[in-house]
Number of protein chains: 2
Amino acid sequence: MIYSFENLLHNISDLLKKKDYRKVKEILSPVEPADIAEMLYEFQPVTRVLLFRLLPKDLAIDVFEMMEGPEREELLHHSTDEEMREIIEEMSDDDRTALFDELPAKTVKKLLLQLSPDERKVANTLLNYPDDSAGRIMTPEYVDLKEAMTAEEAIERIRKNARSKETIYTCFVLDSKRHLKGVVELEDLIMAEPHTFLSSLMDEPIYVHTQTDQEEVAQLMSRYDVQAIPVVDREERLVGIVTFDDVLDILEEEATEDFERMAGIQPVEESYMDANMFTIARKRFMWLVICILTETITSTVLKKYSFALQSVVSLTFFIPLLIGTGGNAGTQAATLVIRGMTLGEIEWKDIWKVIARETITGLMLGCALAVLGLGRAYMLGTGSGVAITVALAIIAVVLLGNLAGAFLPVIARMLKIDPAIMSGPFITTIVDVFGLIVYFEIARYVLVL
Amino acid sequence: MIYSFENLLHNISDLLKKKDYRKVKEILSPVEPADIAEMLYEFQPVTRVLLFRLLPKDLAIDVFEMMEGPEREELLHHSTDEEMREIIEEMSDDDRTALFDELPAKTVKKLLLQLSPDERKVANTLLNYPDDSAGRIMTPEYVDLKEAMTAEEAIERIRKNARSKETIYTCFVLDSKRHLKGVVELEDLIMAEPHTFLSSLMDEPIYVHTQTDQEEVAQLMSRYDVQAIPVVDREERLVGIVTFDDVLDILEEEATEDFERMAGIQPVEESYMDANMFTIARKRFMWLVICILTETITSTVLKKYSFALQSVVSLTFFIPLLIGTGGNAGTQAATLVIRGMTLGEIEWKDIWKVIARETITGLMLGCALAVLGLGRAYMLGTGSGVAITVALAIIAVVLLGNLAGAFLPVIARMLKIDPAIMSGPFITTIVDVFGLIVYFEIARYVLVL
């Protein structure tokens, strides 16, 4: 069940004050690791370490695996080498790799030395795979079976090894050279007549390579609804598995990256509150600079057309309204197209359909909004010339925004860049520049300047 | 393994031309349902139905569950009542509910009548739960056990019922009144000494209610890494379960909704290519209108300050650059804050920290960008007065953008609205209005107008 977090926190604090550690232990042992991890954040480092020590060892490791980078580092910092060694040794391999990725190289070196030779070997191998690759996030703790085994023998083997494995629900059939021959679900083993051979129970495996990008791994797993996917090396030998709990983390991580890219922010590793302010500023700076440099073009444009602005001052009044509307339409279109590409709803063959769709919706929206602009211009008493100019310009910039929003992500995809890079801010800026030129050309024509 | 999609498609088309249906069957039977579903889209409706009919029944149902709304509807449309009845009857309950959600009410009525009484009863119950609630997405196909059973008996019961269940890996212990007493993992049953009673093997269940929102269900499941979560009614009786494959779909759906909201688009149900253009235009229209109406304020502002614009024309040149930069900074800040809230990284107690952070980063970025603005102004030969005005204004608008981006989502959260509603377009517009006022006030002060 879900504990009332406040109550839990309250009780524990009380008991700590009373130094009734036995009771604390008693209360915490049935609590979910994720909840304990969250609770630990609420206490001062020293208390945190104390509480952590009160946890039964297995629980302590689960809790540790649930904690965030900085807190883990600090917790390790406050523990004795022996405690540290125990935690690291017992962590599951994939979580350990994730931890080492966060820790400073110095600490990692030190920790690696504390591991048992076998665990150290594993840890080193995993750390050598590229970031965000299947190899980096996989765990070698899988159940391996042989084709010649019967269902009965297989279940027996699973019984013997289950505890040390990440999952026993999906098992992997290997030949003598550890090549992946097939996968078999525990469900099928249980349902099967005991003497059936695995060769007749196993399925064709869906697998990835150690180099495969984690996003692709997640997409395959959700596409084929598999709870564990095998990872093979260049020689097609099974070296590890990625399980569904990893997939959830990956999908969340990748979504966050896209949100950031689409807002013109380079992906930030840490969570918002943990991240250093200078880091965030740096991640935001680049796109702001690119945009402001592009925007400087607008000053040139305005200077070039200042004759028009001087003869018809009221043209100025509508500049923000115009470019704002175009930018908004562009952001909308870009988001729809980029998301469609990410989800694989939009493919190459659809490109022209997409352009057509955005052109038509652009015209529909543009005309509808133009009416508002027209009315507004009359209200300001600018005279019908300017009013018509504004109305036409609105149609033009909304169309422009839609096309920029549709084309730029496509071009990015062509250049093999993540389309999400074509962020709202960037598109808004592009639309500002071209929107103004269109506006003044229309003005020159309508108002004969 | 993953099939070369093009080859598959090519072979099938050839064989269809040759009318060698036996071979088609042979080739398709080992192919993953997801791949067959995708392949079907590539053929004309008639061929699609023909191919679908060639599939072995079980595979056909899996494939059907993988298909998208419109294609499914059309396939049902082309099948005989008997074929239709078979498919619908055999579908798993949660997928059937999802299908009925997509189909026109008339069709649903017709289909419901074709179902066997039991299945119809289930379908009707599920359809009565609110949209996006746990009740709507759950399936009643779970394994129920009793506390008094031994591990051995439990496994026996699982063997008997496995085929009709969504999962057998997580089982649910109920009392005589079907109240949820605990959950037990198949892993623990297999590892346990055969005569152990479930009462000593089961864990405290993490559960949700039929009314719980699907997003909350997904968050709980990923937080506690559970592969199936029980759903109980008001009387705490177990009525269904939600499994991890549903979670993946929910997370993707919710992320898409957030992307759309943050771009000022009301969530679109269908995928981009399936959605009707007028629907999309309608979903985009509202925010564009809100923004353009807000933007009209900028015209008033500019009119009010036209005296300044007339005396110093060059002030006009920097309007797009200024408000653009402010809007971009605002979009960045808003995205970071909104995403932080969605992921639960930012909580109430952090609000002031967030404001502080955005103020500081705003000043840092503002000052850095001001230098560029200053340089640009000199290049255009506007004289130092305007240059200084522009530089100061840039600092002001970037700060303004950051604060708008930090505050508006917080306010939305206070009003119990999804913070994602504070979209980039809206924030850009707000910043346009206030940015201009700030700009001209600075100008008045610096240039003594």
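Calculation notes
Residues numbered from 1 in each chain as written. Chains lettered and ligands numbered in written order. Predicted model: local features only at pLDDT ≥ 70, side-chain atom pairs only at ≥ 80, totals over all residues. Heavy atoms only, no water. Pairing = 2+ DSSP bridges. Helix = DSSP H or I, 4+ residues; strand = E, 2+ residues; numbered from the N terminus. Contact = heavy atoms within 4.5 Å. Axes fitted to C-alpha atoms, helices over the stretch in contact; angles between N-to-C directions. Least-squares fit on C-alpha atoms with pLDDT ≥ 70 in both. Buried < 20%, exposed > 50% of the residue type's maximum accessible area, 1.4 Å probe, protein only. Parallel < 35°, antiparallel > 145°, perpendicular 65-115°, else oblique. Left-handed = near helix turned anticlockwise from the far one by under 90°. Buried area = accessible area lost by both parts, 1.4 Å probe. Salt bridge = Lys/Arg side-chain N within 4 Å of Asp/Glu carboxyl O. Polar contact = N/O pair within 3.5 Å; in protein donor to acceptor, adjacent residues only side chain to side chain. Nonpolar A, V, L, I, M, F, W, Y, C, P; charged D, E, K, R; others polar. Patch = residues over 30% accessible without salt bridge, like charges linked within 9 Å, V, L, I, M, F, W, Y side chains within 5 Å. Areas by Shrake-Rupley, 256 points an atom, 1.4 Å probe, with all protein chains shown as cover. Lys, Arg positive; Asp, Glu negative; His and termini not counted. Charge placed at Lys NZ, Arg CZ, Asp CG, Glu CD. Domains from an automatic or database assignment. Arc of directions from axis to C-beta.

## As for the sheet that holds strand S1 (residues 144-145) of chain B
All names here are of chain B. The mixed open sheet is built from three strands, whose spatial order is S1-S2-S3. At either end of the open sheet lies a strand with only one pairing partner, and these are S1 and strand S3 (180-185). Sheet topology places S1 next to strand S2 (residues 170-174); two bridges connect them, and they run parallel. Across the sheet, the residue bridging to Asp144 is Phe172, located in S2.

## A short note on the pairing of strand S3 (residues 180-185) of chain A
It is a general feature of regular strands that their side chains alternate between the two faces of the sheet. All names here are of chain A. Pairing of strand S2 (residues 170-174) with S3, which is carried by five bridges, proceeds in the antiparallel orientation. Counterpart to Leu174 in the pairing with S3 is Leu180. Hairpin connection, S2 to S3: the antiparallel pair is bridged by five residues, and Arg178 has positive phi, about 65 degrees.

## Overview of the sheet that holds strand S5 (residues 228-232) of chain B
Residue and element names in this part refer to chain B. Read from one edge of the open sheet, three strands run S4-S5-S6, paired in mixed fashion. The sheet terminates laterally at strand S4 (208-209) and strand S6 (238-243), the two strands that pair on one side only. Relative to S5, S4 runs parallel, the two sharing two bridges. Bridging from a neighbouring strand, Val208 pairs with Val231 of S5. Along the sheet, helix H14 (residues 214-223) makes contact with S4, S5 and S6, crossing S5 at roughly 135 degrees.

## What about the relation of the copies chain B and chain A?
At an RMSD of 0.0 Å, chain B and chain A line up after a rotation of 180 degrees and a shift of 0.0 Å along the axis. Taken together, the rotation and translation describe the operation of a two-fold axis. The fraction of interface residues of chain B whose copies in chain A are also interface residues reaches 100%, indicating that both copies meet through the same surface.

## A few points about the environment of Ala275(A)
Relative to the assigned elements, Ala275(A) resides in the loop between helix H15 (244-262) and helix H16 (277-304). A residue is classified by how much of its surface remains accessible, and Ala275(A), at 2% relative accessible area, is buried. Sequence spacing of Ala275(A) and Pro70(A) is 205 residues, and the spatial spacing of their C-alpha atoms is 9.9 Å. When near neighbours in sequence (up to four residues on either side) are disregarded, Ala275(A) contacts Val268(A), Glu270(A), Ile280(A) and Arg357(B).

## Regarding the pairing of strand S6 (residues 238-243) of chain A
Residues and elements named next belong to chain A. In terms of burial, S6 is a largely internal element, five of the six residues being buried. In this structure, strand S5 (residues 228-232) lies alongside S6, joined through five bridges in antiparallel fashion. In the strand pairing of S6, Ala228 is matched with Thr243. Where S5 folds back on S6, the antiparallel hairpin that results is connected by five residues, among which Glu236 adopts a positive phi of roughly 60 degrees.

## Structural notes on the side chain of Gln214(B)
For Gln214(B), the position within the fold is in helix H14. Among residues more than four places away in sequence, those in contact with Gln214(B) are Asp132(B), Ser133(B), Ile137(B), Ile250(B), Glu253(B) and Glu254(B).

## Section: the packing of helix H20 (residues 351-379) of chain B against helix H21 (residues 383-414) of chain B
Residues and elements named next belong to chain B. Direction vectors running N to C along H20 and H21 enclose 155 degrees, while the axes themselves pass 7 Å from each other. The orientation of H20 relative to H21 falls into the category roughly antiparallel. For the crossing formed where H20 meets H21, the hand is right-handed.

## Comments concerning the interface of chain B and chain A
If you look at the interface, chain B gives 114 residues, while chain A gives 115 residues. Roughly 11,200 Å² is buried in total at the junction of chain B and chain A, and carbon and sulfur atoms are behind 68% of that figure. Per-residue buried area on chain B facing chain A is highest for Phe259(B), Tyr272(B) and Arg357(B); these three make up 8% of the total on that side. Connecting chain B to chain A are 10 salt bridges. The residue Arg163(A) makes a salt bridge to Asp188(B) at a minimum N-O spacing of 3.7 Å. The interface formed by chain B and chain A includes 48 residue pairs in polar contact (both at pLDDT 80 or more). Here the side of chain B that touches chain A takes 18 residues from helix H16 (residues 277-304) of chain B, the largest share from any one element. By residue class, the composition of the side of chain B that touches chain A is 63 nonpolar, 22 polar and 29 charged.

## Quick word on the pattern of salt bridges
Residues and elements named next belong to chain A. For the structure on display, the rule yields 50 salt bridges over all chains. Note that Arg85 and Glu82 form a salt bridge whose closest N and O atoms lie 3.4 Å from each other. Of this pair, Arg85 and Glu82 both sit in helix H7 (residues 81-90), three residues apart, which is roughly one turn of the helix. A relative accessible area of 42% places Glu82 in the partly exposed class. A salt bridge links Asp350 to Lys349, with the nearest nitrogen and oxygen atoms 3.3 Å apart. Linked by salt bridges that have partners in common, Glu257, Asp258, Arg261 and Asp418 make up one network.

## Details of a nonpolar patch on the surface
Residues and elements named next belong to chain A. Together, Trp348, Trp352, Phe407, Ile411, Met414, Leu415 and Ile417 give the surface a local cluster of nonpolar side chains, amounting to about 770 Å² of exposed area. Here the element with the most residues in the nonpolar patch is helix H21 (residues 384-414); it accounts for three residues. Along the polypeptide, Trp352 turns up in helix H20 (residues 351-379). Using a relative accessible area of 63% as the deciding quantity, one classes Trp352 as exposed.

## Comments concerning the packing of helix H8 (residues 93-102) of chain A against helix H10 (residues 117-127) of chain A
Residues and elements named next belong to chain A. Interaxial distance between H8 and H10 falls to 10 Å at its minimum, and their mutual angle equals 60 degrees. By the angle between their directions, the pair H8 and H10 is classed as oblique. The handedness of the crossing between H8 and H10 comes out as right-handed. From H8, Asp93, Arg96, Thr97, Phe100 and Asp101 reach across to H10, where they touch Glu119, Val122, Ala123, Leu126 and Leu127.

## Describing a negative patch on the surface
On the surface, Glu68(A), Asp132(A), Asp213(A), Glu216(A), Asp249(A), Glu252(A), Glu253(A), Glu269(A), Glu270(A), Asp274(A) and Asp225(B) cluster together to form a negatively charged patch. The dominant element in the negative patch, judged by the number of residues it contributes, is H15(A), at three residues. Within the secondary structure, Glu270(A) sits in the loop between H15 and H16.

## Focus on the domain arrangement of chain A
All names here are of chain A. Taken domain by domain, chain A consists of domain 1 (5-130), domain 2 (144-246) and domain 3 (286-447). When domain 1 packs against domain 2, the two sides together hide about 330 Å² of surface, and 41% of this comes from carbon and sulfur. Looking only at domain 1, the three residues that lose the most surface to domain 2 are Asp94, Tyr129 and Pro130, adding up to 87% of its buried area. The interface formed by domain 1 and domain 2 contains zero salt bridges. There are zero residue pairs in polar contact (both at pLDDT 80 or more) connecting domain 1 and domain 2. For the side of domain 1 that touches domain 2, the class distribution of residues is two nonpolar, one polar and one charged.

## What to know about helix H9 (residues 105-114) of chain B
All names here are of chain B. Among all positions of H9, only Val108, Leu111, Leu112 and Gln114 are buried. Seen end-on, H9 carries its buried residues on one side only, within an arc spanning 155 degrees. Turned more than 90 degrees away from the buried face of H9, the exposed residues are Lys106, Lys109 and Leu113.

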